[in-house]
Amino acid sequence: MRGERSGRLTAGSRTLAEILDAAARGRFPAPDGGTTVVPQPSRRDAGVIAFTAHSVVFTDEDPDWVRSTLASLDCDELAAAMNPRFLASFLARTGRFTDTIDLLTVAGSLPGDPPLELRELADPDHPRVRSARARRDDVRVWATDGGVVVLGRGVAGRWETAIEVDEDVRHRGLGRALATAARHLVPPGASVWSQQAAGNARSVRAFQAAGYRPVGAEALLIAH
């Protein structure tokens, strides 16, 4: 079987939080073509993170099911955990849904005040904020003319940020400034993560211009 031939599906000895913390510091799982299965960090969060030549599946499902499903796929072993057929089986088994496979990026905190004037919103009613509250804890929101930056605790308790820029003020560097602001808003020494849809080139460029480093791809399975 394809999965048996690689022989590299293992139960993780580290938690997902520990794996993410190491990745934020540039220490990634060994690029051995394997897949590591770790427990979900919470009832809310399950999914797959693909690093270079190594994937991490975080789920409370039986690891033997993950092994057999990956082994049944007729595809490149390095891509199996992100193969649409595996993800479809994963979604069907868990009764969850997903939006897309995201580029997963991370940056370290920055000292001092953000590079633009922000005002925190106490009770914001914004589509980006409603989405964040469904997927993150301790969500806080700041606004500036033409945009918002959202910060909260997401997968495995990591700090996550998202931004929104009004259409009529795009192409002026506001996205980069908002993404940079998030690095000033997290506690000193912390890392801040962000996901960008692979096709959203403007968002990818803004976050990379703000110093966020690509570390992998993530498919987050969301509970109904």
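Scroll up to find the structure.
(A) Structural detail: the packing of helix α3 (residues 63-71) against helix α4 (residues 84-94). The geometry of α3 relative to α4 is characterised by a closest axis approach of 10 Å and an angle of 145 degrees between their N-to-C directions. In terms of crossing hand, the pair formed by α3 and α4 is right-handed. Contacts between α3 and α4 involve W65, V66, T69 and L70 on the former and, on the latter, F86, S89, F90 and R93. Partitioning the contact of α3 with α4 into residue classes produces five nonpolar, two polar and one charged.

(B) Representation of unusual backbone geometry. Unusually for a residue other than glycine, A53 sits at a positive phi of about 55 degrees. Positionally, A53 belongs in the loop between β3 (45-51) and β4 (54-58). Look at D138: it is not a glycine, yet its phi comes out positive at around 55 degrees. Structurally, D138 can be placed in strand β7 (residues 137-144). You can call D138 exposed: its relative accessible area is 60%.

(C) Expanded view of the pairing of strand β8 (residues 147-153). Burial of β8 is extensive: six of the seven residues sit out of reach of the surface. In this sheet, β8 lies alongside β7 in antiparallel orientation, the contact comprising six bridges. Residue pairing for β8: V141 is matched across the bridge by V150. The antiparallel pairing of β7 with β8 creates a hairpin that spans two residues between the two strands, and G146 there sits at a positive phi of about 95 degrees. The hairpin formed by β8 and strand β9 (residues 159-165) contains five residues between the paired strands, and A156 there has a positive phi angle of roughly 55 degrees.

Conventions used here
- Per chain, residue numbering runs from 1 following the sequence as it is written.
- Since the coordinates come from a predicted model, pLDDT governs what is reported: local features require at least 70, and pairs of side-chain atoms require 80 or more to be given and counted, while whole-chain, interface and lining totals use all residues.
- Each side-chain value is worked out from all heavy atoms of the structure, with water and hydrogens disregarded.
- An axis is simply a line fitted to the C-alpha atoms; with a helix, the fit covers only the stretch in contact. Between two such axes, the angle follows the N-to-C directions and lies from 0 to 180 degrees.
- Helix and strand labels come from DSSP, where a helix needs a run of H or I of at least four residues and a strand needs a run of E of at least two; each type is numbered from the N terminus.
- By definition, turning the near helix anticlockwise from the far helix through less than a right angle yields a left-handed crossing, and turning it clockwise yields a right-handed one.
- Contacts are assigned to residue pairs with any non-hydrogen atoms lying within 4.5 Å of each other.
- Polar here means any residue outside two lists: the nonpolar Ala, Val, Leu, Ile, Met, Phe, Trp, Tyr, Cys and Pro, and the charged Asp, Glu, Lys and Arg; Gly therefore counts as polar.
- Relative accessibility thresholds used throughout: buried, under 20% of the residue-type maximum; exposed, over 50%; partly exposed, between the two (1.4 Å probe, protein chains only).
- For two strands to count as paired, DSSP must find a minimum of two bridges between them.

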